[in-house]
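# Notes for the structure review
Letter by letter, the chains look like this.
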Amino acid sequence: MSKIKIAIAGIGNCASSLIQGIYYYTPERVGSDHVVPGLMHWDVAGYRPCDIDVVAAFDVDARKVGKDVNDAIFEKPNCTTVFHSDLPKSGTIVKMGNILDGVSEHMADYDDNRTFVLDGTPSATKEEIVQELKDSGTEILCNYMPVGSEEAAKFYAECALEAGVAFINNMPVFIASNPEWAKRFEEKNIPIVGDDIKAQLGATITHRTLTDLFAKRGVVLDRTYQLNTGGNTDFLNMKNQDRLASKKESKTEAVQAVAGARLDDENIHVGPSDYIPWQNDNKVCFLRMEGDLFGGVPMNIELRLSVEDSPNSAGVAIDMIRCCKLALMNGEGGILTAASAYFCKHPPVQYTDDQAYEMTEEFIASRVKAASAAE
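Below: a short report on this structure. Because the structure is a prediction, the values reported are computed rather than measured.

### Quick word on the overall build of the protein chain
From N to C terminus, the protein chain includes 12 helices and 11 strands. On C-alpha atoms alone, the protein chain measures out to a radius of gyration of 20 Å, which is about the 21 Å that the 2.2 N^0.38 rule sets for 375 residues. When the 375 residues of the protein chain are sorted by exposure, 55% land in the buried category. A fraction of 77% describes how many contacts in the protein chain between residues 6 or more apart in sequence connect residues 24 or more apart.

This is the structure we're talking about:
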């Protein structure tokens, strides 16, 4: 069976976890029973995680550009847990990307081990990126630009459109959920999934699940907050408050969408709180929810969640990639509604997680059947 050929824009912690996972989840390691910790699906249409091949990679950090991508993922400022270090050379060299707004000015004030290091290499042009996508045989481009990189995210979306490759928008710039962008992908019959990847079991999915539980059990949610701290480059990047707007909107709307009644803005606060360098890629969420039970009697929940941020999203990304491949196999383009709703915080249409789960399972089953029938 052929590999799923992907390109990655942004070789940071999330890309590191994804690539480690591709080599970690093999039949030899998993065994024959396919009860696999950490994955929602082991096999999708015959494709396993190890059937994903990174054939192109882009970054702007001098410590990564020019290196084999399987070496670059372990370079600073990456700081996520290394759970699988024994990687072979991939043969894919990280190429210079386009900087645009991908690097916030305030990050220059921090130690090189914590921030991006640019070496003055000129940014790649759109024509150069598109040519690399075509020459490498890329089928799907995964966008991992830093939070707040509006222009950079749009740049890579343009590259995907021009190269004719599927696009997965893992970060909170609204592309799939923007009707104008969505129309462009639909008109070209190119699959797109987005926006802003949900973690496997992170702050947003936990907050959504509890909010949905309140609504289903008849508990009135009066007010809530979600405060997050971390020490990776995304948290450092978000110390610039100007880069936070889309991230806060994405996380807030993910919670509002499943509330029994929409909360007033003053009664809900969701978003990054502070950068704590020694946490590295560990993300700590402090969650509080206040509500009213039978008879108007008050109650509250307080929860502390600690997760390694990037591995928490990698298994989700693997499923997004395979859903895109299913769409490509069936000649299907435009928004992948089910996958976007289940795997992303800010999809074009919000559904409860139960609904999105059922929709995604139906999408996979029906597209696998259609692809098999066409063979």
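### With respect to the pairing of strand E7 (residues 220–230)
By the bridge criterion, nine bridges tie E7 to strand E9 (residues 282–292) in an arrangement that is antiparallel. Looking at E9, one finds that Thr229 is bridged to Val284. Bridge count between E7 and strand E8 (residues 268–275): seven bridges; the pairing is parallel. Bridge pairing in E8 places Thr224 opposite Ile268.

### A closer look at helix H4 (residues 126–136)
Buried within H4 we find Ile129, Val130, Glu132, Leu133 and Ser136. Along the axis of H4, the buried positions cluster into a sector of 160°, meaning they face one direction only. Away from its buried face, by an angle of more than 90 degrees, H4 presents the exposed residues Glu127 and Asp135. Contacts made by the buried residues of H4 are with strand E1 (4–9), strand E2 (52–59), strand E3 (94–96), strand E4 (140–143) and helix H5 (150–163). The first or second residue beyond H4 is Gly137, which carries a positive phi of 75°.

### Quick notes on the packing of helix H1 (residues 13–24) against helix H10 (residues 311–329)
It is at 8 Å that the axes of H1 and H10 come closest, and there the two elements cross at 65°. Put simply, H1 runs roughly perpendicular to H10. Handedness of the crossing formed by H1 with H10: right-handed. Residue-level inspection shows Cys14, Ser17 and Leu18 of H1 in contact with H10, the latter providing Pro311, Ser313, Ala314, Ala317, Ile318 and Ile321. Among the residues forming the contact of H1 with H10, the class breakdown is seven nonpolar, two polar and no charged.

### With respect to the pairing of E2
Two faces, one strand: in a regular strand the side chains alternate between the faces of the sheet. Buried residues dominate E2, accounting for seven of its eight residues. Taken together, the six bridges between E1 and E2 define a ladder with parallel strand orientation. Within E2, the residue paired with Ile4 across the bridge is Ile52. When E2 meets E3, the two strands line up parallel, connected through three bridges. Within E3, the position partnered with Asp59 by the bridge is Met96.

### Concerning the side chain of His207
As for its position among the elements, His207 is in helix H7 (residues 203–216). A polar side-chain atom of His207 sits 2.9 Å from a polar atom in the side chain of Thr224. In this structure His207 touches Thr224, Tyr225, Gln226, Val255, Val270, Leu287 and Met289, once residues within four positions along its chain are discounted.

### Details of the sheet that holds E8
Pairing is mixed across the open sheet formed by four strands, whose spatial order is E8-E7-E9-E10. The open sheet is flanked by E8 and strand E10 (298–308), the only strands paired with a single partner. Neighbour-to-neighbour, the strand axes of the sheet open up by a mean angle of 10°, direction not taken into account. Sheet topology note: the E9/E10 ladder contains 11 bridges and is antiparallel. Paired with Gly291 across the two strands is Met299, which belongs to E10. Each of E7, E8 and E9 touches helix H9 (residues 245–256); the most contacted strand, E8, lies at about 140° to it.

### Quick word on the pattern of salt bridges
Per the stated rule, a full pass over the model turns up 22 salt bridges. Among the ionic pairs, Lys325 bridges to Glu139, the shortest N-O distance being 2.6 Å. Taken together, the positions of Lys325 in helix H10 and Glu139 in the loop between H4 and E4 put the pair 186 residues apart, joining distant regions of the chain. Lys325 sits in the buried class, given a relative accessible area of 9%. The buried category is assigned to Glu139, whose relative accessible area is 19%. A network of salt bridges, in which partner residues are shared, links Arg223, Arg288, Glu290 and Glu302.

### Thoughts on the environment of Arg184
By the element assignment, Arg184 lies in helix H6 (residues 179–187). On the basis of relative accessible area, Arg184 is assigned to the partly exposed category, the value being 33%. Residues Arg184 and Gly334, 150 residues apart in the sequence, show an inter-C-alpha distance of 8.1 Å.

### Details of the side chain of Asn169
For Asn169, the location among the structural elements is in strand E5 (residues 166–169). Among the residues examined, Asn169 registers a relative accessible area of 0% and is labelled buried. Within the local environment of Asn169, its side chain forms a polar contact with the side chain of Asn143, the two groups lying 2.8 Å apart. If sequence neighbours within four positions are ignored, Asn169 has contacts with Asn143, Ile175, Val193, Gly194, Asp195 and Asp196.

Cut-offs used in this document
Residue numbering note: each chain is counted from 1, following its sequence as written. Residue-level local features of this predicted model are given only where pLDDT is at least 70; pairs of side-chain atoms are given and counted only at 80 or more, and the full residue set underlies all totals for whole chains, interfaces and linings. Working from all heavy atoms in the structure, the side-chain values ignore hydrogens and water. In this text, helices come from DSSP runs of H or I with a minimum length of four residues, and strands from runs of E with a minimum of two, each type numbered from the N-terminal end. The quantity called the radius of gyration is restricted to C-alpha atoms. Its globule counterpart is 2.2 Å times the number of residues to the power 0.38. Buried, partly exposed and exposed residues are distinguished by accessible area as a fraction of the type maximum, computed with a 1.4 Å probe on protein chains only: under 20%, between the cut-offs, and over 50%, respectively. Any two residues whose heavy atoms approach within 4.5 Å are treated as being in contact. For two strands to be treated as a pair, DSSP must find no fewer than two bridges joining them. Our arc is simply the arc of the directions from the helix axis toward the C-beta atoms. To define axes, lines are fitted to C-alpha atoms, for helices over the stretch in contact only, and angles between the resulting N-to-C directions are given on a 0 to 180 degree scale. When describing relative orientation, an angle under 35 degrees is termed roughly parallel and one over 145 degrees roughly antiparallel, while 65 to 115 degrees is termed roughly perpendicular and anything else oblique. Handedness of a helix crossing follows the sense of rotation of the near helix relative to the far helix, less than a right angle counterclockwise being left-handed and clockwise being right-handed. Polar here means any residue outside two lists: the nonpolar Ala, Val, Leu, Ile, Met, Phe, Trp, Tyr, Cys and Pro, and the charged Asp, Glu, Lys and Arg; Gly therefore counts as polar. Whenever a nitrogen or oxygen atom comes within 3.5 Å of another N or O atom, the pair is scored as a polar contact, on the condition that within protein one atom can donate a hydrogen and the other can accept it, and that pairs from neighbouring residues in sequence are kept only if both atoms are in side chains. Just to be clear on terms, a salt bridge is a Lys or Arg side-chain nitrogen sitting within 4 Å of an Asp or Glu carboxyl oxygen.

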